[in-house]
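In case you want the letters, here they are:
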Amino acid sequence: MEEESSFFEKERDRLTAEITSGFEELLSSSNNLNRKLEEVLGMTREYETIAALWQSFHELMRGHHDEGEVSGEAEPQGLPGTGGHVLTASKSGNGGADQQQET
């Protein structure tokens, strides 16, 4: 009977050590996952700051664009070098010929 109890105790100790090892591995993996999640959240906060900056820039530029339309000024669309910029010599569009005829 002593052999059976010693076998039982050995098996119990082996299983207890295996379970303990599994829990330690689980704890290590959970800590690693927690660190990675904190890194991701930190990067998300950084991107939120950048996104808010670009959003405010967009709203500012959109406000300037809307003000130009309300005041009735005909501003050329596009930026120089992008192909969308329109050059005009005068607002009449004929290079100042009207000014010469009036005088």
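Position numbers for residues count from 1 along each chain, tracking the sequence in the order it is written. Confidence filtering applies because this is a predicted model: local features only for residues at pLDDT of at least 70, side-chain atom pairs given and counted only at 80 or more, and all residues used for totals across whole chains, interfaces and linings. Note: side-chain values were computed over all heavy atoms of the structure, leaving out hydrogens and water.

Engineer: Explain the packing of aromatic side chains to me, please; I cannot follow it from the model alone.
Structural biologist: To describe a pair of aromatic rings, one takes the distance between the centres and the angle between the planes. Only the six-membered ring of Trp is used, alongside the rings of Phe and Tyr, when aromatic pairs are assigned; centres must lie within 6.5 Å, and planes under 30 degrees apart are stacked while those over 60 apart are edge-to-face, with the rest tilted. Under the definition given, this model contains one aromatic pair. Centre to centre, the rings of Trp-54 and Phe-57 are 5.6 Å apart; their planes meet at 85 degrees, and the pair counts as edge-to-face. Of this pair, Trp-54 and Phe-57 both sit in helix 1 (residues 2-71), three residues apart, which is roughly one turn of that helix. Judged by relative accessible area, which is 56%, Trp-54 ranks as exposed. The rule is simple: take the accessible area with a 1.4 Å probe, protein chains only, and divide by the maximum for that residue type; under 20% is buried, over 50% is exposed, in between is partly exposed. Given the relative accessible area of 43%, Phe-57 is considered partly exposed. What counts as a helix is a DSSP run of H or I of at least four residues, what counts as a strand is a run of E of at least two, and both are numbered from the N terminus.

Engineer: Explanation requested: a nonpolar patch on the surface in the structure shown.
Structural biologist: Nonpolar side chains (Val, Leu, Ile, Met, Phe, Trp, Tyr) within 5 Å and like charges within 9 Å form the patches, drawn only from residues with over 30% relative accessible area and no salt bridge. Methods summary: accessible areas were calculated by the Shrake-Rupley approach with a probe of 1.4 Å, and residue burial reflects only the protein chains presented. By salt bridge we mean one thing: a side-chain nitrogen of Lys or Arg within 4 Å of a carboxyl oxygen of Asp or Glu. Taken together, Met-43, Tyr-47, Ile-50, Trp-54, Phe-57, Leu-60 and Met-61 make up a surface patch of nonpolar side chains, about 790 Å² in accessible area. Relative to the elements of secondary structure, Tyr-47 occurs in helix 1. We classify Tyr-47 as exposed; its relative accessible area is 58%.

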